[in-house]
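Here is what each chain is made of, one letter per residue.
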Amino acid sequence: EEAVVKYGQYCNFVERFGLEQGVKKDGTPKYRAVDNHKDNKNNQAVHRQQKVPCTNVHMILLMFRLVALSFPLNIWKEADGDPKGSTHDMKGAYRQCPLQSSHMMFSLTAAYNELIQNVDIHEMFGMPFGGIHAVHSFNRIAEYLLRVTRRVMWLVMERYFDDFFSVEPEFS
């Protein structure tokens, strides 16, 4: 009743479950929260013709080659270093992209609260992990940020969804 008052009659609750993915440093299981937009039919309501551009492992090798060939050999000898690579995995990448307030009604999670003996409604303010629309929306933003970073900062970078790779000389 509270959800209908706040969001209208078309609000939609999404099942959330934990998917075990490896172990923490202390040896206990690590879980990733997944919002099941498949079973409540949210994913079926989404259609995009846009493809998600993704790189592959060959691009990382080409990045190293580009950096290595961008400087004369004597600079590498004087600097006493080689090209160095780094990676960065964005934590909660999809959650960093906000949902439109008008779409909040499609990403509600309900959980029983023992303390009040009632159901709590939890709003999701960021893109859900498990929604097809989140993948495409996040990738548009990530691709834009990658292109701006390359052009403005002249960095040798690439990405695979929310994993960013960069290569540069050790002396820089």
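Up top is the structure these notes are about.
Here goes a summary of the coordinates provided. Everything numeric in this text was worked out from a predicted model, so none of it was measured.

The next thing to look at is the environment of phenylalanine 164. Relative to the elements of secondary structure, phenylalanine 164 occurs in strand S7 (residues 163-169). On the accessibility criterion, phenylalanine 164 (12% relative accessible area) is buried. Counting along the chain gives 122 residues from phenylalanine 164 to asparagine 42, while the straight-line C-alpha distance between them is 29 Å. With near-sequence residues (within four places) excluded, phenylalanine 164 lies in contact with Ser86, Thr87, His88, Met90, Ala142, Leu146, Met157, Glu158 and Arg159.

We now examine the environment of asparagine 56. For asparagine 56, the location among the structural elements is in the loop between strand S2 (29-36) and helix H2 (57-69). In sequence terms asparagine 56 and histidine 37 are 19 residues apart; their C-alpha atoms lie 28 Å from each other. A polar side-chain atom of asparagine 56 sits 3.0 Å from the main-chain amide nitrogen of histidine 58.

Okay, the layout of surface pockets next. Roughly 450 Å³ of volume is contained in the largest pocket. Taken together, 15 residues make up the lining of the largest pocket; nearest its centre are Arg32, Met90, Lys91, Gly92 and Asp162. No other element matches the four residues that S2 contributes to the lining of the largest pocket. Its residues assigned to classes, the lining of the largest pocket shows seven nonpolar, two polar and six charged. If you add up the space inside the second largest pocket, you get close to 360 Å³. Along the walls of the second largest pocket sit 16 residues, with Val46, Leu99, His103, Phe106 and His133 positioned nearest its centre. Taken together, the residues that form the lining of the second largest pocket break down as eight nonpolar, seven polar and one charged.

Right, let's talk about the pattern of salt bridges for a bit. Counting across every chain of the model gives seven salt bridges. Among the ionic pairs, aspartate 35 bridges to arginine 95, the shortest N-O distance being 2.9 Å. Of the two residues, aspartate 35 is situated in strand S2 and arginine 95 in the loop between strand S3 (83-89) and strand S4 (108-113); the sequence distance between them amounts to 60 residues. Overall, the relative accessible area of 0% leaves aspartate 35 in the buried class.

Here asparagine 36 shows up in strand S2. By relative accessible area, which is 11% here, asparagine 36 ends up buried. Asparagine 36 sits 23 residues away from phenylalanine 13 along the chain, and the two C-alpha atoms are 9.6 Å apart. Not counting residues up to four positions away in its chain, the partners in contact with asparagine 36 are Val14, Glu15 and Phe17. Within the structure, asparagine 36 has its side chain in polar contact with the backbone nitrogen of lysine 38 (distance 3.2 Å). Within polar-contact distance, the side chain of asparagine 36 engages the side chain of aspartate 39 at 2.9 Å.

Of all hydrophobic cores here, the largest spans twelve residues; its members are Met90, Ala93, Tyr94, Cys97, Leu99, Met127, Ala134, Phe138, Ala142, Leu146, Met157 and Phe164. Sorting elements by how many residues they give to this core places helix H4 (residues 132-153) first, with four residues. Setting aside its immediate chain neighbours within four residues, alanine 93 contacts Phe138 and Asp162.

So, how was this worked out
Residues numbered from 1 in each chain as written. Predicted model: local features only at pLDDT ≥ 70, side-chain atom pairs only at ≥ 80, totals over all residues. Heavy atoms only, no water. Helix = DSSP H or I, 4+ residues; strand = E, 2+ residues; numbered from the N terminus. Buried < 20%, exposed > 50% of the residue type's maximum accessible area, 1.4 Å probe, protein only. Contact = heavy atoms within 4.5 Å. Polar contact = N/O pair within 3.5 Å; in protein donor to acceptor, adjacent residues only side chain to side chain. 1 Å grid on protein atoms, 1.4 Å probe; cavity = no way out; pocket = protein on both sides within 12 Å on 5 of 7 lines; lining within 4 Å. Points joined across faces, edges and corners; volume = space filled by probe spheres on them. Nonpolar A, V, L, I, M, F, W, Y, C, P; charged D, E, K, R; others polar. Salt bridge = Lys/Arg side-chain N within 4 Å of Asp/Glu carboxyl O. Core = buried A, V, L, I, M, F, W, Y, C linked by side-chain atoms within 4.5 Å.

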